[in-house]
Amino acid sequence: MAETAEHDQHKVTVEIGCGSGSRARPVPAGIGVGVDVDINALRTAVRSTAGWTFIGADGLALPLRDNSCADLRIQAVLHHLVPTATALGELARVMQPSGVLTIRDGVALDANEAAHLDDELRQAGHPSEPVYGFDLDELAELVRASGLDVEDIHMEGTATWATPPFVSKPYTSERFHLTARHP
Ligand SMILES: C[S@@+](CC[C@H](N)C(=O)[O-])C[C@H]1O[C@@H](n2cnc3c(N)ncnc32)[C@H](O)[C@@H]1O
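Residues numbered from 1 in each chain as written. Predicted model: local features only at pLDDT ≥ 70, side-chain atom pairs only at ≥ 80, totals over all residues. Heavy atoms only, no water.

Okay, the pattern of salt bridges next. Counted according to the given criterion, the structure contains nine salt bridges. Between R73 and D71 there is a salt bridge, with its nearest N and O atoms 2.9 Å apart. Among the residues examined, R73 registers a relative accessible area of 30% and is labelled partly exposed. The exposure class assigned to D71 is buried, which follows from its relative accessible area of 10%. The salt bridge involving D118 is made with R122; its shortest N-O contact spans 3.0 Å. (Salt bridge = Lys/Arg side-chain N within 4 Å of Asp/Glu carboxyl O. Buried < 20%, exposed > 50% of the residue type's maximum accessible area, 1.4 Å probe, protein only.)

Shown next as structure tokens:
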């Protein structure tokens, strides 16, 4: 029991692309670290989120040691990190041998719909997304190529890519939840 408590105390949970902290983020069992490139979002996160430390950094080059994270989470962010294979390699690098990686993101929009959304965003003066979601077979292959095993993939709700008034209609796709571990 004491050993478990000591283990939990040193457990490192890292959320990549944590944003401003508008979503409820429970205090982790050990050390919680939020990483994001948006320093303004992190300023808000620091004020509003107890029990977490925040680092301004790029998810493609994490300032974290090899094998240092027990619980790695990346929600609605992987599609920002290109190439995806590089991002997954970086996540695999920092994950402890016994760690778990959780990815939540959107399933790929239909190609025509993605092209239409891309046009609408550009015309409205908004940056387009590097990737409008993932083909799950391709993503699972990339996860395996990073050296991790895919433990589970299931669907949970929808991912929203854009909503009016900036675009003509809501653009949504299914949202997936993927967990991966070292073999
Ligand atoms: C759609 S928001 C998701 C925020 C949060 N994860 C959530 O689920 O509410 C995408 C976040 O990814 C961050 N982001 C984009 N590119 C990034 C990068 N290269 N490295 C780290 N964070 C990045 C953005 O600043 C933004 O906070």
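Viewed as axis vectors pointing N to C, helix α3 (residues 84-94) and helix α5 (residues 136-145) meet at an angle of 45°, and their least axial separation amounts to 9 Å. Relative to α5, the element α3 lies oblique. Both α3 and α5 take part in a crossing whose hand is right-handed. Contact residues: T84, A85 and L88 in α3; L139, L142 and V143 in α5. (Axes fitted to C-alpha atoms, helices over the stretch in contact; angles between N-to-C directions. Helix = DSSP H or I, 4+ residues; strand = E, 2+ residues; numbered from the N terminus. Parallel < 35°, antiparallel > 145°, perpendicular 65-115°, else oblique. Left-handed = near helix turned anticlockwise from the far one by under 90°. Contact = heavy atoms within 4.5 Å.)

Quick look at the pairing of strand β7 (residues 171-181) now. The pairing of strand β5 (residues 95-106) with β7 spans six bridges and is antiparallel. Opposite T102, over in β7, you have T179 as the bridge partner. (Pairing = 2+ DSSP bridges.)

Such a bond, covalent and formed between the sulfur atoms of two cysteines, is termed a disulfide. Here the structure, examined in full by the defined rule, presents zero disulfides. Cysteine C18 shares no disulfide, and the gap to the nearest cysteine sulfur, in C69, comes to 13 Å. Its relative accessible area of 7% is what places C18 among the buried residues. (Disulfide = S-S within 2.5 Å.)

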